[in-house]
Amino acid sequence: MTSEQWGQVREGLKSELGEHNYINWIEPLEFADLDGQVARFVVPTSFMGTWVERNFGARILELIRDNGITVSRLEFVVANRDRTPAGRKPAEASGQGAPNAPAGAAPLPGSDLLQGAPLVPHYTFENFVVGKPNALAHAAARRVAEGAHVAFNPLFLYGGVGLGKTHLMHAIAHELRHHRPEARVIYMSAEQFMYRFVQALRERTMMDFKSVFRSVDVLMVDDIQFIAGKDSTQEEFFHTFNALVDQNKQIVLSADRAPGDIRELEERIRGRLHNGLVIDLHPADYELRLGILLNAIRQLSEDFPGVRIAPGVAEFLAQRITTSAREINGAARRLFADAQITGHEITLDYARACLADLLRIQERKLSIEEIQRKVAEFYAIRLSDMIGPKRQRVIVRPRQMAMYLAKQLTTRSLPEIGRRFGGRDHTTVMHAVRKIEELRRDDAQIAEDLDALRRQLEG
Ligand code: ADP
Ligand code: MG
């Protein structure tokens, strides 16, 4: 959402809610960014966020959608006013991209252009759970955050929604602010970059725009898939990018897919990306999901003192919520908030009932990886053999079972399934499905195994 669009939403609210409500509740909201389908706002107090959400949330969502923007929920982040490093004048601090800078605020003159998006306070390295699927990305982010020298440029992180890209970028910024307060660190979404660029064109402040972006020490641009195809923005981005690389300044970028898969991304940008370090974040496996849950539970236990959670609940949820860390954290928060109101202990049954809708959705989203893991476990073979080249019967049969179950229990297409099984052809998957269907009729053991596996997977 551009700040113009947010301006329209505000106008709408003004006429509906009246001057008084508007001044009290809407005007103080600062639109920060649209992350996935979450519209984030900075508010002065958490009370204010809760109040706005409860009283105007639904209407705000509707008005945003009226602008043609896909949004599923609002999030309110409390402005962290005391983050300004000690001993520095506020004006100077904001000129260096202070974390509390409102991103979508009204057009700003001169050096204020340097404001980045606000950082989420708890998106820190301490709160980032490391597991195999994100270990490389985490290590590279740490390296950048040490800030000693530029080892790879740019660092390009990619992966699906909710896997922790934004979290890592904010963590880098937090860390640098702490250890190298003098460094000029800018974090913003690609949409914000584009907005600033267009604004500079319109207001004839291109010189400021250029000099400002070229004088930062670390530039982080999130979700750069958004600028693909936006030609003049890409062009400017490319020049900024080159200028910074030439000065040996660190750049960190993220996208929801690999550089090669971003259509309409300029070839020369793509080329530049490959000179740096390109790392993908994989979907969390069971172990990482459990780690993220336990971490969330530890924090929530502080936020909701007195709420008790029974053993086994975390394991159950880690098993069942397989989509992303975002869903995991959301589910845990819902459970704790609910349990505090009702005074219940969070037992397995309680969790099932409280999260019924979410668990149903997750069921449909059973992942291929989950199936591979379960089947490998069941037949006591290695998970890597699911995707590896081995052709012995003891490996091939379980692999075919897993392909069959993937076809039955997920909505994935044959080519997609083939890809997830080590890049096999869709005809291989088709053959596996037919083979297992045949065996299912003729071989009682296979039929029994299938039933057991299906029960476990649908859990
Ligand atoms: P992305 O930018 O990749 O879509 P985010 O960084 O916004 O994902 O992460 C979504 C949510 O999940 C955030 O609340 C984030 O804190 C949380 N999250 C993601 N990965 C982890 C992790 N490894 N440990 C803890 N929390 C995580
Ligand atoms: Mg993100």
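Residues numbered from 1 in each chain as written. Chains lettered and ligands numbered in written order. Predicted model: local features only at pLDDT ≥ 70, side-chain atom pairs only at ≥ 80, totals over all residues. Heavy atoms only, no water.

Asks: Is there a simple way to explain the site of ligand 1 in this structure?
Replies: As a matter of local geometry, ligand 1 sits amid 18 residues, with Val129, Gly162, Lys165, Thr166 and His167 nearest to it. The contact in question runs from a nitrogen atom of ligand 1 to an N or O atom on the side chain of asparagine 134, over 3.3 Å. Between ligand 1 and the protein, one listed contact pairs an oxygen atom with a side-chain N or O atom of lysine 165 at 2.8 Å. In the complex, the protein chains occlude 94% of the 560 Å² of accessible area that ligand 1 would expose alone. The set of elements that each furnish at least two residues to the shell around ligand 1 consists of α5 (165-179) and α12 (325-342). Split by residue class, the shell around ligand 1 holds 7 nonpolar, 8 polar and 3 charged. (Near = heavy atom within 4 Å. Polar contact = N/O pair within 3.5 Å; in protein donor to acceptor, adjacent residues only side chain to side chain. Areas by Shrake-Rupley, 256 points an atom, 1.4 Å probe, with all protein chains shown as cover. Helix = DSSP H or I, 4+ residues; strand = E, 2+ residues; numbered from the N terminus. Nonpolar A, V, L, I, M, F, W, Y, C, P; charged D, E, K, R; others polar.)

Asks: Help me understand unusual backbone geometry, please; the structure alone is not making it clear to me.
Replies: Across residues other than glycine, the phi torsion is negative in most instances, and most of the peptide bonds are trans. The omega torsion of the bond from asparagine 153 to proline 154 falls at -5 degrees, within 30 degrees of zero and hence cis. Structurally, proline 154 is set in the loop between α4 (135-146) and β4 (155-158). Of note, asparagine 248 is a non-glycine position whose phi angle comes to about 65 degrees, a positive value. Its place among the elements puts asparagine 248 in the loop between α8 (231-246) and β7 (250-255). Residues other than glycine seldom take positive phi values, yet alanine 380 does so here, at roughly 55 degrees.

Asks: Is there a simple way to explain the sheet that holds strand β5 (residues 185-189) in this structure?
Replies: Sheet strands pair via backbone hydrogen bonds, and the direction of the pair is either parallel or antiparallel. Sheet architecture is open: 5 strands sit in the order β5-β6-β7-β4-β8, paired in parallel fashion. Unpaired on one side and paired on the other, β5 and β8 (277-280) mark the two borders of the sheet. With strand direction ignored, the average angle separating the axes of adjacent strands in the sheet is 15 degrees. Running over the sheet, α5 touches β4, β5, β6 (218-222) and β7 and is turned about 160 degrees from β6. (Pairing = 2+ DSSP bridges. Axes fitted to C-alpha atoms, helices over the stretch in contact; angles between N-to-C directions. Contact = heavy atoms within 4.5 Å.)

Asks: Is there a simple way to explain the pattern of salt bridges in this structure?
Replies: Side chains that carry opposite charge are capable of pairing whenever their charged atoms lie near each other. Taken as a whole and assessed by the stated rule, the structure comprises 29 salt bridges. A salt bridge links arginine 373 to glutamate 370; the nearest nitrogen and oxygen atoms lie 2.9 Å apart. With arginine 373 and glutamate 370 both in helix α15 (residues 368-378) and 3 residues apart, the pair spans about one turn of that helix. For the pair shown, arginine 373 and glutamate 370 are each scored as buried. In this structure, the salt-bridge partner of arginine 373 is glutamate 377, at a minimum N-O distance of 3.4 Å. Here arginine 373 and its partner glutamate 377 are both found in helix α15, 4 residues apart, which amounts to about one turn of the helix. (Salt bridge = Lys/Arg side-chain N within 4 Å of Asp/Glu carboxyl O. Buried < 20%, exposed > 50% of the residue type's maximum accessible area, 1.4 Å probe, protein only.)

Asks: Got a minute to help me understand the pairing of strand β1 (residues 30-35) in this structure?
Replies: Put simply, side chains in a regular strand alternate between the two faces of the sheet. Summarising burial for β1: 5 of the 6 residues are buried, a large majority. What sits between the antiparallel neighbours β1 and strand β2 (residues 38-43) is a turn of 2 residues, in which glycine 36 has the positive phi angle 65 degrees.

Asks: Looking at this structure, how should I read the sheet that holds strand β3 (residues 73-78)?
Replies: Reading across from one edge, β1-β2-β3 is the order of the 3 strands in this open sheet, with mixed pairing throughout. The open sheet terminates on both sides in strands that have one partner only, identified here as β1 and β3. Averaged over all adjacent pairs, the angle separating strand axes in this sheet is 25 degrees, with direction ignored. With 5 bridges joining them, β1 and β2 adopt antiparallel strand pairing. Pairing of phenylalanine 31 across the sheet is with phenylalanine 41, part of β2.

That is the geometry; function is a separate question.
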